[in-house]
Amino acid sequence: MPRLIFVNRFFFPDHSATSQILSDLAFHLVEAGRTVHVITSQQRYDDGRAVLPERETIRGVEVHRIATTRFGRKNLFGRAVDYLSFYASARTALLQTATSGDIIIAKTDPPLLSIVAMHAARRRRAHLVNWLQDLYPEVAENLGVPYVGGPVAYMLRMLRDRSVRFAAMNVTVGGRMAAKVSASAGSDIAVCVIQNWTDEEQVLPVQASENPLRASWELENKFVVGYSGNLGRAHEFETILGAADLLRDNSRITFLFIGGGHSFDQLARRVNELKLERMFCFMPYQDRAQLRYSLGVPDVHLLTLRPEVEGLIVPSKFYGIAAAGRPVLAVIARDGEFAPLIENWHSGLVIEPGQPGQLADAISRLAQDKMLRLEMGRQARRMLEAEFTRRRAFQRWRDVFACIAN
C-alpha cells in the first residue's frame, strides 16, 4: 500500500482552517491503516515566532517540519520570500522522503505548491494529487495583487495547469472550482469534488444559556452577529460596516469577530473611524476544544466573499456555522457556490455585496423573529448532516487513494 505524503505550510497543533482540515484527514488515514507523512513548516499561522520540532510523530503521523524565512504576512515582498523559502525546503524534503509509488498530496498553502510537488513526484516516480483549496494566480489577479498579472500570471497559470494535467487526481472543494480548473487545464484532466468539513460530532448546537463564553464575553443580553475565522483580502466587509452604521441606534445588536487575517486590523480601524466601537467586539482565534462554544456564541453568523473570487475560493467556515446550528447571513453573489444551497435549504439569507440596507434589514428581521432564527439554524444542521459530514468526506478521500493505488 503506497505511503501518503501531504505538503502544506501548517499542520497540527496549528488551528488555521487549512491545517485543521489536513490534520483531521491525516489522523483518520492513520487510524484506517495508512502510512502518512506530512511536510510542513515549523510555524503557526497566528504565531510567526513559534518554532515547532523538526521531527515528531503525532498520533501516528510522521511530521517533517522544514526551515523557512519568517518575514510574515505584513508586506508582499516578505510574504513572497517566505513562499520561495518554503518551496525550496519542501522540494528538498520531498526528494528525501518520497519513493517510487508513493502518493504526494499538495495543498495550496503556499499558492502554486503543486508545481514544486510535480517536479518531486516526477523525479521520484511518485503519484501526485493536487488538493486545490483555491486557484492561483487567478485569485491574486482578481484581487489586484501587485506584480501578479499580465505575462507573470500567464506563466504561473501555464505551470499550474501543467501540474494539474500531470496529477493522478485533482481534488477541488467546490463544483464551480472544478469547472474553472477543467476550463483552464483541459476537459480531460482527472478532477473530483470533495468539500471541506468540520467535526460535526464535536461542534454541536449549544443554547445561549448553556454557553459559558457568552457570559465571559459579556454578551448575555445581546443579539450577536458573528464572524469566525480568517478575514482576508477575499472577504468583503464594507457591507457589514454599512449595516452596522444603519443599526447604530440599536443597543441590543453586537458584531462579534473571532479570528484574524489580513483585513482584521483594517476592519478594526474602520470601526474606530466610523465611531462604531460600541457595536463591535474582537476576539482572537479560539482553541479547537472551544470551537463548539465560540461558534455557538453568535445568534447568526456572517459569511462574506467578494464576487470576483467566486469559484476560486470556497469559505470552509460555512460548515462550522451549519454544524453549530446557526443561520447564515451570506454577503455573497447569488450565482456563487453557496447561495443556492442556503436558499434551497432555507438555512439563512443571501445579501448581494454592496447592499448594507438589505443586510441591516435581515439582521433586524432575525433579531425580532426568534422562531424563524431557530428554524433556519435547525435547517442548517440538517443540511450538514445530509450532505457535508466529515465521515462522507473521509470515505471519498479513501476512494481517491484506492483508485490511484490500483
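The present account deals with the structure reproduced in this document.

Conventions and cut-offs
Residues numbered from 1 in each chain as written. Predicted model: local features only at pLDDT ≥ 70, side-chain atom pairs only at ≥ 80, totals over all residues. Heavy atoms only, no water. Core = buried A, V, L, I, M, F, W, Y, C linked by side-chain atoms within 4.5 Å. Buried < 20%, exposed > 50% of the residue type's maximum accessible area, 1.4 Å probe, protein only. Helix = DSSP H or I, 4+ residues; strand = E, 2+ residues; numbered from the N terminus. Contact = heavy atoms within 4.5 Å. Pairing = 2+ DSSP bridges. Axes fitted to C-alpha atoms, helices over the stretch in contact; angles between N-to-C directions.

Some thoughts on the nonpolar core
With 67 residues, the main nonpolar core has F6, W131 and W397 as its most contacted residues. Among the elements that line this core, the one with the most residues is helix α1 (residues 17–31), at seven residues. Residue contacts for F6: discarding those within four places in its chain leaves L22, L25, L29, V36, H37, V38, I39, I105, W131 and F401. Counting 32 residues, the second largest nonpolar core, distinct from the first, contains I240, L247, I253 and V300.

Quick notes on the sheet that holds strand β7 (residues 169–172)
Strand-to-strand pairing in sheets goes through backbone hydrogen bonds, with the strands running parallel or antiparallel. In space, the eight strands of this open sheet follow the order β3-β4-β2-β1-β5-β6-β7-β8, with mixed pairing throughout. Two strands lie at the open edges of the sheet, namely β3 (55–58) and β8 (191–193), each paired on one side alone. For this sheet, the mean inter-axis angle between neighbouring strands, taken without regard to orientation, is 20°. As defined by bridge partners, strand β6 (residues 127–132) adjoins β7 across four bridges and the pair is classed as parallel. Paired with V129 across the two strands is M169, which belongs to β7. Strands β1 (4–7), β2 (36–41), β4 (61–66) and β5 (103–106) of the sheet are contacted by helix α2 (residues 76–97), whose axis makes an angle of about 160° with β2. Sitting on the sheet, helix α6 (residues 175–185) touches β6, β7 and β8, and the angle it makes with β8 is about 170°.

Here we look at the sheet that holds strand β11 (residues 280–283)
With parallel pairing, the six strands of this open sheet are ordered in space as β11-β10-β9-β12-β13-β14. Both outer strands of the open sheet, β11 and β14 (348–351), are each paired with one neighbouring strand and no more. The sheet shows a mean angle of 20° between the axes of neighbouring strands, direction not considered. Pairing between strand β9 (residues 223–230) and strand β12 (residues 300–304): two bridges, direction parallel. Pairing of G226 across the sheet is with H301, part of β12. This element, helix α9 (residues 264–273), spans β10 (253–260) and β11 of the sheet and lies at about 155° to β11.

Focus: the environment of R292
Position of R292 relative to the elements: it lies in helix α10 (residues 291–296). Put simply, R292 and T108 are 184 residues apart on the chain and 27 Å apart in space, counted from C-alpha to C-alpha. Other than its neighbours up to four places away in sequence, R292 contacts Q202, V203, L204 and V206.

Honestly, it's all geometry; don't read function into it.
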